[in-house]
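Observations on the model geometry
So the chains spell out like this:
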Amino acid sequence: MAKILATANQKGGVGKTTTCVNLCAALSQLGKRVLLVDGDPQGNASTGMGVSKATRPNTYDMMINQASAADCVVHTPYGDVIPASKELAAASVELIDAENREYVLKNALMSLYSDYDYIFIDCPPSLELLTVNALVAADSVLIPMQCEYYALEGIADLVTSIKMCKKRLNKRLEVEGIVLTMYDARANLTTQVADELRKYLNDKVYNTVVPRSVRLSEAPSHGKPGIVYDRVNRGSRAYMELAEEFIKRCEGGEN
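Rules of the game
Residues numbered from 1 in each chain as written. Predicted model: local features only at pLDDT ≥ 70, side-chain atom pairs only at ≥ 80, totals over all residues. Heavy atoms only, no water. Helix = DSSP H or I, 4+ residues; strand = E, 2+ residues; numbered from the N terminus. Buried < 20%, exposed > 50% of the residue type's maximum accessible area, 1.4 Å probe, protein only. Polar contact = N/O pair within 3.5 Å; in protein donor to acceptor, adjacent residues only side chain to side chain. Contact = heavy atoms within 4.5 Å. Pairing = 2+ DSSP bridges. Axes fitted to C-alpha atoms, helices over the stretch in contact; angles between N-to-C directions. Salt bridge = Lys/Arg side-chain N within 4 Å of Asp/Glu carboxyl O. 1 Å grid on protein atoms, 1.4 Å probe; cavity = no way out; pocket = protein on both sides within 12 Å on 5 of 7 lines; lining within 4 Å. Points joined across faces, edges and corners; volume = space filled by probe spheres on them. Nonpolar A, V, L, I, M, F, W, Y, C, P; charged D, E, K, R; others polar.

Right, let's get into the side chain of Lys-16. Residue position: Lys-16 is located in helix α1 (residues 16-29). Lys-16 sits in the buried class, given a relative accessible area of 6%. At a separation of 3.3 Å, a polar atom in the side chain of Lys-16 contacts the side chain of Thr-17. Apart from the residues within four sequence positions on either side, Lys-16 is in contact with Thr-7, Ala-8, Asn-9, Asp-40, Asp-122, Cys-123, Pro-124, Pro-125 and Pro-144.

Of all seven residues that make up strand β6 (residues 140-146), seven are buried, and the element is covered over most of its length. Relative to β6, strand β1 (residues 3-7) runs parallel, the two sharing three bridges. In the sheet register, Thr-7 faces β6, and the bridge partner there is Leu-142. Looking at chain direction, β6 and strand β7 (residues 174-183) are connected through seven bridges and run parallel. Each residue of the ladder has a partner; that of Pro-144, found in β7, is Val-179.

Below, the discussion takes up the sheet that holds β7. Sheet strands associate in pairs through backbone hydrogen bonding, adopting either a parallel or an antiparallel arrangement. Taken in spatial order, the eight strands make up an open sheet running β3-β4-β2-β5-β1-β6-β7-β8, and their pairing is mixed. Strands with a single pairing partner mark the edges of an open sheet, and in this sheet they are β3 (74-76) and β8 (205-211). Taken pair by pair, the neighbouring strands of this sheet meet at an average axis angle of 25°, ignoring direction. Inspection of the sheet shows strand β2 (residues 34-38) paired to strand β4 (residues 79-82) by three bridges, in the parallel sense. By the bridge assignment, Leu-36 is partnered in β4 with Val-81. With respect to the sheet, α1 is in contact with β1, β2, β4, β5 (118-122), β6 and β7, its orientation differing from that of β5 by roughly 165°. Along the sheet, helix α12 (residues 234-251) contacts β1, β5, β7 and β8; its crossing angle with β8, the most-contacted strand, is approximately 165°.

Any two side chains of opposite charge can pair, given that their charged atoms come close. Under the defined criterion, the tally for this structure stands at 15 salt bridges. Between Lys-11 and Glu-148 there is a salt bridge, with the nearest N and O atoms lying 3.2 Å from each other. Of the two residues, Lys-11 is situated in the loop between β1 and α1 and Glu-148 in the loop between β6 and α8 (149-168); the sequence distance between them amounts to 137 residues. A salt bridge links Asp-61 to Arg-56; the shortest N-O distance between them is 2.6 Å. For Arg-56, a relative accessible area of 43% gives the class partly exposed. Look at the salt bridges and you will find they share partners, linking Lys-16, Asp-40 and Asp-122 into a network.

Within the element layout of this structure, Phe-246 appears in helix α12. On the accessibility criterion, Phe-246 (1% relative accessible area) is buried. When the C-alpha atoms of Phe-246 and Leu-23 are compared, they prove to be 9.0 Å apart, with 223 residues separating the residues in sequence. The residues touching Phe-246, leaving out its near neighbours within four places in the chain, are Leu-5, Leu-23, Leu-27, Tyr-118, Phe-120, Glu-176 and Tyr-206.

Here the focus is the layout of surface pockets. Estimated volume of the largest pocket: approximately 550 Å³. Looking at the lining of the largest pocket, the elements with two or more residues in it are α1, α2 (44-48), β7, β8 and α10 (214-218). The element best represented in the lining of the largest pocket is α1, accounting for five residues. Looking at side-chain class alone, the lining of the largest pocket contains twelve nonpolar, 14 polar and five charged residues. Here the second largest pocket defines a volume of roughly 210 Å³. Lining the second largest pocket, in full, are Arg-101, Glu-102, Leu-127, Glu-128, Leu-129, Val-132, Leu-135, Ser-161, Met-164, Cys-165, Arg-168 and Leu-169. The set of elements that each furnish at least two residues to the lining of the second largest pocket consists of α7 (129-137) and α8. Among the elements that make up the lining of the second largest pocket, the one with the highest residue count is α8 (four residues). Residue composition of the lining of the second largest pocket, by class: seven nonpolar, one polar and four charged.

This is a description of form; function is not addressed.
Right, dumping it as C-alpha cells:
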C-alpha cells in the first residue's frame, strides 16, 4: 500500500516543485516505486520529469472526465508521472457543484495504491479546491520552505489549514516534515529561521537542507530532474541525502 504525500506550501517560490521532482527521482534511484501526480495547473512538475504538458490523458481528465488513473500514468526514467496542464485550472470551477467534490482525487487514485511505495502530489501554491483534494487524498504533507520571514508566516497559515482539513475531511492527515530549501548558511536570517523552526517543530524539520543551486534551476529546461542533469552539484547531493533521510524516517520507525 502506497504512502501518499501532498507536497504543499501556500507561498510560491519556495522550491516546492523542485523538491517534489527531485525527491521523487531520488527515491526512484534508490529502488522505490514512485508516482508523481502533478496537481498544479502550471504543470512544472511534469516538465521537470521530462513529460510534455500536452500529454493526454492527464490529471484533469482523471478528475473531470473519469479517465482511468492507470491510463494517465506516463513512465519515465526518473519515476512515473500523471502530468498536468493549464486545463487543470478549470477543475476547481467544474467541481464546485460536484458531489463529494473534496474526494475526487482520492477516489481516482485508489486503484493505484498497491502499485507504488510512495505517491507524491504536487499542489498549487494556494489553498484552493485542488489543494484540498490533495490534502484529503494524502496521508501526510511534506512542506518545502525557504528560510525567510514571510515563509515562516506562511508555514503557520498552512499548518492551520492542515489542522482544519484533518478535523473536517481527513482525520489521518499529518505533517510529514519540513524541508529547508534555498539554504544559505552565510545569511543570519537563514540560520535564525531554521533555529526557530527546529525550536517549535523539533523532529518535523529534516536534518538535510537544500542549498541554492543554479544547476537545479537549469534542469527543467532540459527536461530532467536536477539530480540527473548534474548529479554532483551541491543541490543534487542534498536531494539524494534527503531521500535517504526520508526513507529512514518512513521505514525506520523514526517518524
